[in-house]
Amino acid sequence: MSGSGESLEAAGGVPQRAQGLLFGDDLPDLDETTGYRGPTACRAAGITYRQLDYWARTGLVEPGIRPATGSGTQRLYSFRDILVLKVVKRLLDTGVSLQQIRTAVGHLRERGVEDLAQITLMSDGASVYECTSADEVIDLVQGGQGVFGIAVGRVWREVEGTLAELPTERAEDEAVVPTPAQDELARRRQARTAG
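Figured I'd write up the structure that's included with this text. (Residues numbered from 1 in each chain as written. Predicted model: local features only at pLDDT ≥ 70, side-chain atom pairs only at ≥ 80, totals over all residues. Heavy atoms only, no water.)

### Description of the side chain of Thr40
Spelled out, the test is: Only DSSP runs of H or I covering at least 4 residues are called helices, and only runs of E covering at least 2 are called strands; the numbering of each starts at the N terminus. Note on exposure labels: buried denotes an accessible area under 20% of the residue type's maximum, exposed denotes more than 50%, and partly exposed covers the range between, all computed with a 1.4 Å probe on protein chains only. In what follows, residue pairs with any heavy atoms lying within 4.5 Å of each other are defined as contacts.
The residue Thr40 is located in helix 1 (residues 38–45) in this model. Take Thr40: its relative accessible area is 10%, and that puts it in the buried class. Contacts of Thr40, omitting those with residues within four sequence positions, involve Leu163, Leu166 and Pro167.

Given below as structure tokens:
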């Protein structure tokens, strides 16, 4: 779409454009080795654990730092993952279909965090459009295509504020959290193989 945002469902390659004043502020660098467990990610994104689990299992938003690798392991979500979770939640709340959201998230995955924070997502309830300048937002609204918008940089700051009060975990910390039942099972296996 020339001058009226890029439709994420139809975009082959997402264009790189200079930012307008509407999208200005620089955002901080992120530590890619520090993450957040599922319950913390849910709280920061405003979603249920059931949603988080479903979206991870179906590949919509998978944990970027540490996936679940079996019973007893904890998924570890990056800041960027939680940002995308919150954007997905906002799009769902405004009535965008999960299929359209999957398409939009696929395009957002192609971007680095810095680019992600510099865009505004607009939607008419059916399609999702990416705007990287104030002119594109205005063109979409004037053309009747943009009914609502999500400034990802603003969502970034909201997530950052929420996560500042919640616990983090390093990726190398406790990869497996054994439970008493697992410990008992491990003892039985060892006894069987040693016996």
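Having seen the structure, we can now continue with the description.
### Quick notes on helix 2 (residues 49–57)
The periodicity of an α-helix, 3.6 residues per turn, causes residues three or four places apart in sequence to face the same way. For clarity, the threshold we go by: As used here, the arc is the angular range of directions from the helix axis to the C-beta atoms.
Taken together, the buried positions of helix 2 are occupied by Leu52, Trp55 and Ala56. An end-on view of helix 2 places all buried positions within 100° of arc, on one side of the element. The outward face of helix 2, more than 90 degrees from its buried face, is lined by the exposed residues Arg50 and Arg57.

### Some remarks on the sheet that holds strand 2 (residues 34–37)
What counts is decided by this rule: One bridge is not enough; two strands pair if DSSP finds at least two bridges between them.
If you walk across this open sheet you meet the three strands as 3-2-7, and the pairing is antiparallel. The two strands at the open ends of the sheet, each matched to only one other strand, are strand 3 (76–77) and strand 7 (169–170). Where strand 2 meets strand 3, two bridges bridge the pair, whose relative direction is antiparallel. The partner of Arg37 across the bridge, within strand 3, is Leu76.

### Considering the nonpolar core
Basically, it comes down to this: To define a nonpolar core, start from buried Ala, Val, Leu, Ile, Met, Phe, Trp, Tyr and Cys residues and group those joined through side-chain atoms within 4.5 Å.
Ile82, Leu85, Val88, Leu91, Leu121 and Leu163 are the most contacted members of the largest nonpolar core, which totals 38 residues. Of all the elements in the fold, those that place two or more residues in this core are helix 1, helix 2, helix 3 (79–93), helix 4 (98–109), strand 6 (148–151) and helix 7 (152–163). Broken down by element, the residue count for this core peaks at eight residues, all from helix 3. The contacts of Leu163, once residues within four sequence positions are left out, are Tyr36, Thr40, Ala44, Phe79 and Ile82. Met122, Tyr129, Cys131 and Leu140 belong to the second largest nonpolar core, which has five residues in total.

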